Amino acid sequence: MTLSGTARNSSSLISWISSGKIQQTVANCVEVSGIGLHSGKVSTVRIVPERAGEGRYFKFSTKNVIIQASTDYYAKKESPLCTTLCKDGLSISTVEHLLSALESTGVDNCRLEIETSHTHDPSFEVPILDGSAREWVEAIEKAGLKAALDRNGKSCEKLAPVLREPVTVWKHDSFIAAFPYSKVKITYGIDFPQAPEIGCQWFSSTCLDKDFFSKELASARTFCIYEQVEQLRKSGLIKGGSAKNAIVCSESRGWLNPPLRFTNEPCRHKVLDLIGDLSLLAHGGNQGLPVAHIIVYKGGHALHADFASCLSRIN
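Residues numbered from 1 in each chain as written. Predicted model: local features only at pLDDT ≥ 70, side-chain atom pairs only at ≥ 80, totals over all residues. Heavy atoms only, no water.

1. What about the pattern of salt bridges?
To be explicit about the condition: Each reported salt bridge corresponds to a side-chain nitrogen of Lys or Arg within 4 Å of a carboxyl oxygen of Asp or Glu. Think of it this way: any DSSP run of H or I at least four residues long counts as a helix, any run of E at least two long counts as a strand, and we number them from the N terminus. Exposure categories follow from relative accessible area, calculated using a 1.4 Å probe and restricted to protein chains: below 20% of the type maximum is buried, above 50% is exposed, and the middle band is partly exposed.
In total, this model carries 14 salt bridges according to the counting rule given. Between Asp 108 and Lys 158 there is a salt bridge, and its shortest N-O distance comes to 2.8 Å. Taken as a pair, Asp 108 in the loop between helix 1 (96-105) and strand 10 (110-116) and Lys 158 in strand 13 (residues 157-163) lie far apart in primary sequence, 50 residues in all. Each member of the pair, Asp 108 as well as Lys 158, is classed as buried.

2. Describing helix 3 (residues 210-217)
For the α-helix, the turn length of 3.6 residues means that residues three or four positions removed from each other point alike. Rule in force here: As used here, the arc is the angular range of directions from the helix axis to the C-beta atoms. In this description, contact between two residues means that some pair of their heavy atoms is separated by no more than 4.5 Å.
Taken together, the buried positions of helix 3 are occupied by Phe 212, Phe 213 and Leu 217. For helix 3, the arc enclosing every buried residue in end-on projection is 100°, short of the 170-degree limit, so these residues lie on one face. Across from the buried face of helix 3, at angles greater than 90 degrees, the exposed residues are Asp 211 and Lys 215. Of the surrounding elements, those touching the buried residues of helix 3 are helix 1, helix 2 (134-143), strand 17 (199-205) and helix 5 (265-278).

3. Looking at the state of the cysteines
We count it as follows: A pair of cysteine sulfur atoms is labelled a disulfide when the two atoms are within 2.5 Å.
Using the criterion set out here, one finds zero disulfides in the structure. Cys 110 supplies the cysteine sulfur nearest to Cys 29, a cysteine that is in no disulfide, at a spacing of 11 Å. Free of any disulfide, Cys 249 has its nearest cysteine sulfur in Cys 224, 9.0 Å distant. Taking the relative accessible area as the measure of exposure, Cys 249 reaches 0% and is therefore buried.

4. Side note on the side chain of His 304
Relative to the assigned elements, His 304 resides in helix 6 (residues 301-313). Once you skip the residues sitting within four places of it in the chain, His 304 turns out to touch Ile 176, Tyr 188, Lys 270, Asp 273, Leu 274, Asp 277, Leu 278, Val 296 and Gly 299.

5. Thoughts on the side chain of Glu 113
The following threshold applies: Polar contact criterion, stated in full: a pair of N or O atoms within 3.5 Å, where within protein one must be able to donate a hydrogen and the other to accept it, and residues adjacent in sequence count only if both atoms are side-chain atoms.
By the secondary structure assignment, Glu 113 is in strand 10. Given the relative accessible area of 19%, Glu 113 is considered buried. Of the polar contacts made by the side chain of Glu 113, one reaches the side chain of Arg 111; its length is 2.8 Å. Setting aside chain neighbours within four positions, we find Glu 113 in contact with Thr 44, Val 45, Arg 46, Val 48 and Lys 59.

6. A look at a negative patch on the surface
For clarity, the threshold we go by: Residues with no salt bridge and a relative accessible area higher than 30% make up the patches, which join like charges within 9 Å and nonpolar side chains (Val, Leu, Ile, Met, Phe, Trp, Tyr) within 5 Å. Calculation of accessible area relied on Shrake-Rupley with a 1.4 Å probe; when residues are assessed, cover is drawn exclusively from the protein chains displayed. In this count, Lys and Arg are taken as positive residues and Asp and Glu as negative ones, while His and the chain termini are left out. Throughout, a charge is located at the NZ atom of Lys, the CZ atom of Arg, the CG atom of Asp or the CD atom of Glu.
Side chains of Glu 135, Glu 138, Glu 141, Asp 209 and Asp 211 sit close together on the surface and give a patch of like negative charge. It is helix 2 that contributes the most residues to the negative patch, three residues altogether. Inspection of the secondary structure puts Glu 135 in helix 2.

7. Things to note about the packing of aromatic side chains
Short version of the rule: In this analysis, rings of Phe, Tyr and Trp, with Trp reduced to its six-membered ring, are considered paired at centre separations within 6.5 Å, and the interplanar angle assigns stacked below 30 degrees, edge-to-face beyond 60, and tilted for intermediate values.
The final tally for this structure, using the stated rule, is five aromatic pairs. Their ring planes at 40° and their centres at 4.6 Å tell us that Phe 60 and Phe 124 sit as a pair that is tilted. Highlighted residues: Phe 60 in strand 6 (residues 56-60) and Phe 124 in strand 11 (residues 123-125), separated in sequence by 64 residues. Accessibility classification places Phe 60 together with Phe 124 in one group, the buried group. With a centroid separation of 5.5 Å and 80° between ring planes, the pair formed by Phe 192 and Phe 223 is classed as edge-to-face. Of this pair, Phe 192 sits in strand 16 (residues 185-192) while Phe 223 is found in strand 18 (residues 223-225), placing the two residues 31 residues apart along the sequence. Each of the two residues, Phe 192 as well as Phe 223, counts as buried.

8. Description of unusual backbone geometry
Here Pro 258 and Pro 259 are connected by a cis peptide whose omega angle stands at 5°. Following the sequence through the fold, Pro 259 ends up in the loop between strand 20 (254-255) and helix 5. You will see that Asp 88, though not glycine, has its phi angle at about 50°, which is positive. Note on placement: Asp 88 falls in the loop between strand 8 (84-87) and strand 9 (90-93). Backbone geometry places Thr 94, a non-glycine residue, at a positive phi of 55°. Along the polypeptide, Thr 94 turns up in the loop between strand 9 and helix 1.

Below, the structure is given as structure tokens:
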């Protein structure tokens, strides 16, 4: 991974400014259960209201450990097929869809309680559900939002990270380039020449508010190449994967479990992942997604998180 930018050693790369909003939390508890995509284990996640300034963090029912949803705990050596956070020998994986939903719906502060029947296992995984963020969004919308108050009973303004200088992260022919811009804009491209039904796709939008996310991104499901499934399973991954939680494309036969929800559903799902991964830049109940034009080509969780980590380190 390589980082470039005119201000890579400067503290002025990002400025935190008011977003014009106050920090929020869920009005009521949310509880969702399901199977983990890679572990195949059933777990339950509870989204619990939290005070302003506390941010988003994971708490384990059987372990006295808290892991902030932050770049500080990103586990770079874990599977490139999901985003994993680690601390004190514990890990929580496949956090990206949940974090994407929280970031996009405006849940700035919450406690994320994880419970599983495998009480002695130090590895936890967020349920994959249908492979998208739709069920998370629906559960959050049902619970509602409210202003998050601090220890003194006061609301807090929500700050947003504004990019001041161009910055680029790349590995081989994959890259993320971000440029100063007046709002959050994402342009994302993918290319799967071995699977013509996916091929080269692009998605771009400057409208990334709650309503847009809910209608245009949240229901985009994760996808895989059928010919790679057996090797992934031999590697100990996608133990809980099925046609119910992913769209599967064969290199020669096309989509095996249509219909798609969007013609460019794979590319939209990558944008969903990106939002969740970049939410790790958030701290103290502030916005994680940088105010910038973010251009990604052939990205993935590792590159997304590397980019967020780079911004965090040089901020």
